[in-house]
Amino acid sequence: MNNRDRDKIMATLGNVKRKIQKIMTGGRESGPVSLKLFLLSISIGYGGIVRLRETSYKKGLLQSKRLPCPIISIGNLTIGGSGKTPMTIYVAELIQSLGYGVAIISRGYKGQAEKIGGVVCDGRIICMGPDTAGDEPFMVARRLKTVPVVVGQNRFKAGRLAIQKFKPDVLLLDDAFQHLKLHRDLDLVLLDSKAPLGNTYLFPRGTLRETGSALSRGDAVILTRSEIGKAPCMGQIKKYFPRKPIFHSSHIPYIYKIVAGNRSQSEDRQPISSQYDFDIFKNKKVFAFSGIANNDEFRRTIESFQCQLENFSEFPDHHQYSDKELDEILKSATDLSVEFIFTTEKDYVRMAHKIKWPIALVIIGIEISFGTKDFAFKTFIKSRLQELIP
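Visitor: How would you summarise the confidence of the model for the protein if you had to cite specific residues and measurements?
Guide: Looking at the protein as a whole, the pLDDT averages 89, with 90% of positions reaching at least 70. For the stretch residues 262-276, pLDDT sits under 50, and the model shows 31 contacts to residues farther than four places along the chain or on other chains.

Visitor: Got a sec to walk through the packing of aromatic side chains? Specific residues and values, please.
Guide: For the structure on display, the rule yields 16 aromatic pairs. When the ring of Tyr-90 is compared with that of Phe-370, the centres are 5.2 Å apart and the planes differ by 45°; the resulting orientation is tilted. Residue Tyr-90 is located in helix H3 (residues 84-97), and its partner Phe-370 is located in the loop between strand S14 (360-369) and helix H11 (374-388); the two are separated by 280 residues in the primary sequence. Here Tyr-90 matches Phe-370 in class, with each residue buried. Ring centres of Phe-370 and Phe-377 lie 4.2 Å apart, and the angle between their planes is 10°; on these two criteria the pair is classed as stacked. For the pair Phe-370 and Phe-377, a shared accessibility class is recorded, and that class is buried. The structure contains a cluster of three or more aromatic residues connected by ring pairs, namely Tyr-90, Phe-247, Phe-370, Phe-377 and Phe-380. Sitting above the plane of the Tyr-201 ring, Arg-205 keeps its charged end 4.1 Å from the centroid. Above the plane of the ring of Phe-177 lies Arg-217, whose end atom (NZ or CZ) is 4.3 Å from the centre.

Visitor: Could you give me a rundown of unusual backbone geometry, with the residues and numbers involved?
Guide: Looking along the chain, the bond that leaves Phe-203 and enters Pro-204 is cis, with omega of 0°. With respect to the helices and strands, the residue Pro-204 is situated in the loop between strand S6 (186-192) and strand S7 (220-224). With a phi close to 65°, Lys-110 is a non-glycine residue in the positive phi region. The topology assignment puts Lys-110 in the loop between strand S2 (102-106) and strand S3 (118-121). Positioned with a positive phi, Arg-225 is a non-glycine residue whose angle comes to about 55°. Assignment of secondary structure puts Arg-225 in the loop between S7 and helix H7 (234-240).

Visitor: Can you break down the pairing of strand S11 (residues 285-290) residue by residue, with the values?
Guide: The element S11 is extensively covered by neighbouring structure, given that five of its six residues are classed as buried. By the bridge criterion, six bridges tie S11 to strand S12 (residues 308-314) in an arrangement that is parallel. Paired with Ser-290 across the strands is Glu-314, a residue of S12. Since S11 and S12 lie parallel, the crossover through helix H8 (residues 295-303) that links them has a hand, and here it is right-handed. Inspection of the sheet shows S11 paired to strand S13 (residues 340-344) by three bridges, in the parallel sense. When the bridges of S13 are listed, Val-286 appears paired with Phe-340.

Basis of the calculations
Residues numbered from 1 in each chain as written. Predicted model: local features only at pLDDT ≥ 70, side-chain atom pairs only at ≥ 80, totals over all residues. Heavy atoms only, no water. pLDDT = per-residue confidence, 0-100. Contact = heavy atoms within 4.5 Å. Phe/Tyr/Trp six-rings, centres within 6.5 Å; stacked < 30°, edge-to-face > 60°. Helix = DSSP H or I, 4+ residues; strand = E, 2+ residues; numbered from the N terminus. Buried < 20%, exposed > 50% of the residue type's maximum accessible area, 1.4 Å probe, protein only. Lys NZ or Arg CZ within 6 Å of the ring centre and 35° of its normal. Pairing = 2+ DSSP bridges. Right-handed = clockwise from strand over helix to strand, strands pointing away.

Encoded structure:
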């Protein structure tokens, strides 16, 4: 096979992938009917497997393992970005502020240590790079310098390692709502307020990992990005989630770092408290790129800075940037004569060491805010911890 044929095949596969993604995230009218029916047939089979698995755990045919330590899980119902990583950071800081020791357990998705497991951070030093740990665990470890972070596909094994080495009062599991193999004492379920139940279809026809009825396993629902507006499915959520707390949170962007010429202009994050703080970008020509689950949301964040977004390049979630791709990004930005290049904190950890940036690179991070309901959420977590830890 020559390079031309290979390029044609790759282009065709890329086109099919884009059509599938459009169907998964779009409404009933999006995409070819034949492809939608094909994806729906797979969804039906997938849904049957999910229900069988959940029923097997409910009836005791499959047993959840228990660890000798209270476990809080942060998860969601859909594939992709509902804000689990920034929420994990927020809850870990909250637990610490209440006087409890906490360790974080993550799968370490796409990291070299995912299968074998290991310690990313011991609460003092970071022991793994992003390629080994995975981008999200490494980002969490870098933000939470005093919190141990352990990765491993086998969460039970990773949890035992964390308990043995660090003796935490509580374990915090990142993205574990569907991980029924391990017993949890508190399940926090995140739903994106823009589309809490996706397009209502299971994967791969939609983005749902489970149907809405799975919410009954949760202890609290947190609607993220609530600044977008009221959730269109609140009635449906309350149907599955009666008499349990529902909280609303927002994603607050901040400048994590500005890098120019491979030198950090800002070693520490710069919290953004108002639109005024972003005025340095107003009317400036900028280029942006990201490889996260919700690239459109990042694009809207950049546009909210009232800058002139000349071009935006998007990549799949957890994308490992090649030298060629980074060179192309830099060439595009140079050709457009932009003053700033924007990317996300999660993207930055995957390619910080790979390239020098002659144009100022602005790394945008996300923090969680519960606004006026902050005290209510903190009180909820505090009371549950007091029940779990005598």
